[in-house]
Protein chains: 2
Amino acid sequence: MPKVSKRTADMPASAIRKLVPFSEAAESAGVKVYHLNVGAPDIKSPDCAVSAVRGRCDKLHHVSYTNSAGLAELRKAMCEKYYAKIGIELQPSELLVTVGGSEAFAVAMQIAAGPGEEIIVVEPFYTNYQTFAYLNGITLKAVHSDIDEGFALNDISGFEAQLTPATRAVLISNPCNPSGKLFTREEMLAIGEFCRRHDLFLICDEVYREFCYTDEPFFSAMQIPDCGQNVILVDSVSKRYNLCGTRIGCIISRNQEVMACALKFAQSRLCPPLLGQFAAIGALDTPDSYFEEVKAEYIRRRDCALSLLNDIPGVYSPVPYGAFYTVARLPVRSAADFAKWMLTEFRKDSSTVMVTPAASFYKTPGIADDQVRIAYVLEVPQLEKAMAILAEALETYRDF
Amino acid sequence: MPKVSKRTADMPASAIRKLVPFSEAAESAGVKVYHLNVGAPDIKSPDCAVSAVRGRCDKLHHVSYTNSAGLAELRKAMCEKYYAKIGIELQPSELLVTVGGSEAFAVAMQIAAGPGEEIIVVEPFYTNYQTFAYLNGITLKAVHSDIDEGFALNDISGFEAQLTPATRAVLISNPCNPSGKLFTREEMLAIGEFCRRHDLFLICDEVYREFCYTDEPFFSAMQIPDCGQNVILVDSVSKRYNLCGTRIGCIISRNQEVMACALKFAQSRLCPPLLGQFAAIGALDTPDSYFEEVKAEYIRRRDCALSLLNDIPGVYSPVPYGAFYTVARLPVRSAADFAKWMLTEFRKDSSTVMVTPAASFYKTPGIADDQVRIAYVLEVPQLEKAMAILAEALETYRDF
C-alpha cells in the first residue's frame, strides 16, 4: 500500500476544526451547540449581490472560464466603486481576483518567500498562515503581542529581534484574527518603515477592514507613504459583504513584479469562480447603510460578549476594536482539554458551547494554553445564553 | 526594493497563455483570431445547471461557507446520480469537492509526493502538472509516447525504466490533454499492476471522461481490480458539463489516509465555491441526450479538423479518441516561432490562427519543437476557416 508523503502526513490539521467531530457527535445526540468557534457570520448577504447572480444567470448560456486575473469588469469596478471610496487609488492592473482571501495570502507568502526563508508574524496570528508556511518550507518568526497589553505593539524592537538574513516579509492581519486588535496608524507606519529599511515585503491581510469599531477611519497598509513596492494587500469580498461562500478575494500590489508573479499562480489554477464574481460585482452596489447596520450589530454583540466574559471569575479578554473575534484567558490549565470537555461532557439544559483553543494561534509554545478564541457571531440573546453556559462550565470544571 | 522569491521568479509562466499578449495585440488591431489554443469550449452549459443556481438564489439569504469537503448534498448526489451510473460505486466519504480539477490534481500530487520525490508522467502531458511539481519540489520523470505511434503505450518497460527509489506515483490524464489519446483497458490494467507492484499511487486525471469517441465504454482507473488503495482520481464537474467557470471538481480515493490528507488541504482554503456547487447539483440532472449531442458535435469537429490538418502538406496528426485536443507535427523548425509569427505578422483576410506550441507538454527537450496542440473547440465552419488560414500560413512561412 502506498504511503502519503511525509510532508502531507505531518501537515497540521486545522486547529479551528479539530474539535468538529466532537461537536458533530454532540449535535447528533440532540445537544444544542452554541458555535463561538468559527468566523462564519449569520448576517444576511446584501440583496444586490444575490440578485446580481440571479439576473446574470437569466441571460447566461455558458458558464465559461474568465481571465485568470478575474473579469475585467469586476477588477475595474472594485477599483472605482470600492477602493477609490476608501481612499486607495488603484489601477485594475494592480489587483488580481483570487479564490477567497485564502488564495491571496497563500500566493502572497510564496511570492515573498521561498523554502528556507522567513516571514515575521505578530502572534497571535491566523493559524492558516502557519499551514501555508509549512507547505512551502517557510519559517514563521513571531513577534509577541500580549493579551495583558491589549495585543499592542509597543515598539518595533520585537521586529528587529526577529530579523535574520533569511527574513523576506512581515505578515499581519489588520484587524487581527484572532485577537480583534486594530493596528494604529502609528503602528502601521512603524512596521512600514521597518519593511522599507530592510527591503522586506509587508503582506497585510485586511479582510476585516469594514469591521472596525472606532470612530477613526481605518488606516490601510496601502496608505503608508513610500511603501508601494513593499506592500502586498490581501483582501476579501467574501468576508466584507457576508458572502463567504462566493470565494472571491484579491491580491493587490503596486509592485509590478509581484503582480506578474501573482498572474503566474493565477494561470496555474485557470480562473476564479465566475458565479462568485457575479456576486462580487453586485456587492459593490451595497449601500453604506448595510455596513452601518452590520457595524452597529457587531458592536452590540461585542459589548455583550466582552462584558459577560469579563464578568466570569478568572476570565480576562481585552476589548477588541475590529473583526468579530476576541481572545480570552480562562481559569483553566488547558483550554484545549476544557473545550473538548464542554463538547463531550458538559451540558446545561441540553446545551453547550464550542470555542477554539488559542494555543495554535501562537508560535511560542506554552504561553497561551489557557486562552481561547471566541467569535461573537451570534445574535445577542444567543450570545447571552452561550456566555451563561460558559460561566457555569468554568465553575464546574477543575483541572488544577 | 524587496525581491520576489527565487522560486516564484523562476516559476515557468503558463506555456498555453504565453502568446496571449500577441493575440490581444492582434485583436486590438482589428484582426480576427481563431482560437485553437485553449480548451474553452463554446458549448452551451446544461439549462438545469444554470436554473439550479437561479432557483436556489431565489431562496438564499446568506452565501455562507460550506463544509470544506463540499456540500453533503452534492457529494451524495455525485455518488448516486453520476458515479453509480458509470459503474463506480462510491461513498460520499471517498469524494471531496475541490476548486476545479486544478485543485484536485495539485492536492493529489502533494499527497503522493513531497520535495525531492518523483512522479512518473506520460509525455506529452498537461503542462500544469509541471507547474505544481516545480512549486512542490517534485521531479517529473517522463515515459515517452510518440506521435508516430498515435501516442500508444506499447508496454510497461518505459515505466520500469523511470522507476527510482524516489518514485511515489504515476500521473496520467485519460483521455489525455494534449494528445487526445484514450488509454485502453489493457494499458490501464498494466499501469495499475505496475503501481500496485511498486506501491505507487496512480493519480488519474479523468476530467475528459465524457468526451470519448469510441463505442467501447470508458475504462476508469477506479475500475482497475485490487488497485483501490493506489488510485487517486481527479475529476471535474466544470469540464464535464461545460461549466468551466464554476470551478467545481473533485478528488476521489478509496484510500482513507489519502482522503484524510485531502481534507487537511481543503480546510486550509476553507471551502469550495457555494454557487458553483449549486450549479453542480443542478448539472447532475443533465439528460443523456445532452452528452450525445455534445459527443456528436465534437466528432464532427474532430473529423473536420483532423482531415483538413492532415491534408496540409507536411502536417501529421494522429486521430484522437478523446478530449477535444490533438497534437500535430508541422513542417517548421520551431512551432513556437511559427505560432508567434501567425499572431504578429501573418494575416489572411484580416484573420489569423492561434495554436499552442507543444514543446512544453514534453519533459524531454527538443523532441517536439515542431509540434503544436490544437483544441478543436470551434464550430465546423469556423474550424474550416481556421484550417485554411493555417494551411496558407504554413505555405508562406519558411524557417528552414
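Our structure's up above, just so we're on the same page.
Overview of the structure. Residue positions are given per chain, counted from 1 along the sequence in the order it is written. Chain letters start at A and ligand numbers start at 1, both assigned in the order the entries are written. Totals for whole chains, interfaces and linings use every residue, but because this is a predicted model, local features are given only for residues with pLDDT of at least 70 and side-chain atom pairs only at 80 or more, for both listing and counting. Side-chain metrics rest on all non-hydrogen atoms present in the structure, leaving aside hydrogens and water.

**Observations concerning the overall build of chain A**
So, step 1. The way it works is that DSSP assigns letters per residue, a run of H or I at least four long becomes a helix, a run of E at least two long becomes a strand, and they are numbered from the N terminus. Across its full length, chain A holds 14 helices and twelve strands.
So, step 2. The quantity called the radius of gyration is restricted to C-alpha atoms. Its globule counterpart is 2.2 Å times the number of residues to the power 0.38. In terms of overall dimensions, chain A is globule-like: its C-alpha atoms have a radius of gyration of 21 Å, near the 21 Å expected for 400 residues.
So, step 3. For chain A, the spread of C-alpha atoms along the principal axes amounts to about 60 × 55 × 55 Å.
So, step 4. The cut-offs for exposure are 20% and 50% of the maximum accessible area for each residue type, with area from a 1.4 Å probe on protein chains only; residues under the lower value are buried, those over the upper are exposed, and the others partly exposed. Counting only residues that meet the buried cut, chain A has 62% of its 400 residues in that class.
So, step 5. Considering only contacts in chain A between residues 6 or more positions apart, those separated by 24 or more positions represent 76%.
So, step 6. For the charge count, each Lys or Arg is scored as positive and each Asp or Glu as negative, with His and the chain ends excluded. Where a charge lies is defined by one atom per residue type, namely NZ (Lys), CZ (Arg), CG (Asp) and CD (Glu). With 40 positive and 48 negative side-chain charges, chain A shows a separation of 6 Å between the mean positions of the two kinds. We call two residues in contact when some of their heavy atoms are within 4.5 Å.

**Re the relation of the copies chain B and chain A**
So, step 1. Alignment of copies: least-squares fit on C-alpha atoms of residues with pLDDT of at least 70 in both copies. Rotating chain B by 180° and moving it 0.0 Å along the rotation axis overlays it on chain A with an RMSD of 0.0 Å. Considering both components of the superposition, the chain copies are consistent with a two-fold axis. Among all C-alpha atoms of chain B, that of Arg54(B) lies closest to the rotation axis, at 2.5 Å.
So, step 2. In this assembly the copies share their binding face: 100% of the residues contributing to the interface of chain B also contribute to that of chain A.

**Side note on the interface of chain B and chain A**
So, step 1. Taken together, the contacts link 76 residues of chain B with 77 residues of chain A.
So, step 2. Each of two parts loses accessible area, computed with a 1.4 Å probe, when they are put together; buried area is these two losses added. Summed over both sides, the interface of chain B with chain A buries roughly 6,300 Å², with 59% coming from carbon and sulfur.
So, step 3. Here, a salt bridge means any side-chain nitrogen of Lys or Arg that lies within 4 Å of a carboxyl oxygen of Asp or Glu. Connecting chain B to chain A are two salt bridges.
So, step 4. Asp58(A) is the salt-bridge partner of Arg54(B), the closest N and O atoms lying 3.3 Å from each other.
So, step 5. Pairing of N or O atoms within 3.5 Å defines a polar contact, subject to two protein rules: one partner must be a possible hydrogen donor and the other a possible acceptor, and residues neighboring in sequence count only if both atoms are side-chain atoms. Here chain B is connected to chain A by 41 residue pairs in polar contact (both at pLDDT 80 or more).
So, step 6. The set of elements that each furnish at least two residues to the side of chain B that touches chain A consists of helix H1 (6-9), helix H3 (47-58), helix H5 (100-112), helix H6 (127-135), helix H10 (256-268) and helix H11 (274-283) of chain B.
So, step 7. Taken together, the residues of the side of chain B that touches chain A break down into 38 nonpolar, 24 polar and 14 charged. Polar here means any residue other than Ala, Val, Leu, Ile, Met, Phe, Trp, Tyr, Cys and Pro, which are nonpolar, and Asp, Glu, Lys and Arg, which are charged; Gly is therefore polar.

**Let's talk about the pattern of salt bridges**
All names here are of chain B.
So, step 1. Using the criterion set out here, one finds 46 salt bridges over all chains in the structure.
So, step 2. Between Asp-235 and Arg-209 there is a salt bridge, with its nearest N and O atoms 2.7 Å apart. With a gap of 26 residues between them, Asp-235 in strand S7 (residues 231-236) and Arg-209 in the loop between strand S6 (201-205) and S7 connect regions that are remote in the sequence. Like Arg-209, Asp-235 is buried.

**Comments concerning the packing of H3(B) against H11(B)**
Residue and element names in this part refer to chain B.
So, step 1. Orientation is described by lines fitted to C-alpha atoms, with helices fitted over the stretch in contact, and by angles between N-to-C directions that extend from 0 to 180 degrees. It is at 7 Å that the axes of H3 and H11 come closest, and there the two elements cross at 125°. Judged on the interaxial angle alone, H11 and H3 are oblique. The element H3 and its partner H11 pack so that their crossing is right-handed. Counting all contacts with H3, which are made through Cys-48, Ala-49, Ala-52, Val-53, Arg-56 and Cys-57, the residues of H11 involved are Leu-275, Phe-278, Ala-279, Ile-281, Gly-282 and Ala-283.
So, step 2. Classifying every residue of the contact of H3 with H11 by side-chain character gives ten nonpolar, one polar and one charged. An angle below 35 degrees is treated as roughly parallel, one above 145 as roughly antiparallel, one from 65 to 115 as roughly perpendicular, and anything else as oblique. Here a crossing is called left-handed whenever its near helix is offset anticlockwise from the far helix by less than a right angle, and right-handed whenever the offset is clockwise.

**Considerations on the sheet that holds strand S5 (residues 167-173) of chain B**
Residues and elements named next belong to chain B.
So, step 1. We treat two strands as partners when DSSP finds at least two bridges between them. On the basis of which strands lie adjacent, the open sheet formed by seven strands has the order S2-S8-S7-S6-S5-S3-S4 and mixed pairing. Looking along the sheet, the strands with just one partner apiece sit at the ends: strand S2 (95-99) and strand S4 (139-144). Neighbour-to-neighbour, the strand axes of the sheet open up by a mean angle of 25°, direction not taken into account.
So, step 2. Both strand S3 (residues 118-123) and S5 contribute to a ladder of four bridges, which runs parallel. Bridge pairing links Ile-119 to Ala-169 in S5.

**Here's the deal with unusual backbone geometry**
So, step 1. A cis amide bond, omega 0°, links Glu123(A) with the succeeding residue Pro124(A).
So, step 2. Along the chain, Pro124(A) falls in the loop between strand S3 (118-123) and helix H6 (127-135).
So, step 3. Positive phi values are uncommon outside glycine, yet Asp226(B) reaches one of about 55°.
So, step 4. Within the secondary structure layout, Asp226(B) lies in the loop between S6 and S7.
So, step 5. Residue classification places Asp226(B) among the exposed residues on the basis of a relative accessible area of 67%.

**Structural notes on the pairing of S6(B)**
All names here are of chain B.
So, step 1. With five of its five residues buried, S6 lies for the most part within the structure.
So, step 2. The alternating pattern of S6 places Phe-201, Ile-203 and Asp-205 and Leu-202 and Cys-204 on opposite faces, both of which are buried.
So, step 3. Alignment of S5 against S6, held across five bridges, turns out to be parallel. By the bridge assignment, Ile-172 is partnered in S6 with Cys-204.
So, step 4. Examined bridge by bridge, S6 and S7 share four bridges and lie parallel to one another.

**Side note on the sheet that holds strand S9 (residues 325-329) of chain B**
All names here are of chain B.
So, step 1. Judged by pairing direction, the sheet is antiparallel, and its three strands sit side by side in the order S9-S12-S11 without closing on themselves. Each edge of the open sheet is held by one strand with a lone partner, namely S9 and strand S11 (356-357).
So, step 2. In this structure, S9 lies alongside strand S12 (residues 371-375), joined through five bridges in antiparallel fashion. When the sheet's bridge partners are listed, Ala-328 is paired in S12 with Val-372.

**Side note on the packing of H6(A) against H10(B)**
So, step 1. Where H6(A) contacts H10(B), the axes come no closer than 10 Å and their chain directions differ by 125°. When the interaxial angle is binned, H6(A) and H10(B) end up oblique. Note on packing geometry: the crossing formed by H6(A) with H10(B) is left-handed. Residues Asn128(A), Thr131(A), Phe132(A) and Leu135(A) of H6(A) form the contact with H10(B), whose participating residues are Phe265(B), Gln267(B) and Ser268(B).

**Some words on the nonpolar core**
So, step 1. To define a nonpolar core, start from buried Ala, Val, Leu, Ile, Met, Phe, Trp, Tyr and Cys residues and group those joined through side-chain atoms within 4.5 Å. Grouped together as the largest cluster of nonpolar side chains are 307 residues, with contacts concentrated most on Phe159(A), Val170(A), Phe338(A), Phe159(B), Val170(B) and Phe338(B).
So, step 2. If we skip the residues at most four places from it in the chain, Val170(B) touches Ile119(B), Ile120(B), Phe159(B), Ile191(B), Phe194(B), Cys195(B), Leu200(B), Phe201(B), Leu202(B) and Ile203(B).

**Topic: the side chain of Glu206(A)**
Residue and element names in this part refer to chain A.
So, step 1. Take Glu-206: it is sitting in the loop between strand S6 (201-205) and strand S7 (231-236).
So, step 2. Taking relative accessible area as the criterion, Glu-206 reaches 0% and is therefore assigned buried.
So, step 3. Look past the residues within four positions of Glu-206 in its chain and what remains in contact with it is Asn-174, Phe-218, Ser-220, Ala-221, Leu-233, Val-234 and Asp-235.

**A few points about helix H8 (residues 185-197) of chain B**
Residue and element names in this part refer to chain B.
So, step 1. Under the 1.5 Å per step criterion, the end-to-end length of H8 is 18 Å for 13 residues, consistent within 8% with the ideal 18 Å.
So, step 2. Among the residues of H8, Glu-187, Met-188, Ile-191, Gly-192, Phe-194 and Cys-195 are the ones counted as buried. Buried positions in H8, seen along its axis, are confined to an arc of 160° and lie on one side of it.
So, step 3. Elements that come into contact with the buried residues of H8 comprise S3, helix H7 (157-162), S5 and S6.
So, step 4. Positive phi appears at Asp-199, one or two residues downstream of H8, with a value of about 55°. What a helix is expected to span follows from its residue count: subtract one and scale by 1.5 Å. For this quantity, the arc is that covered by the directions from the helix axis to the C-beta atoms.

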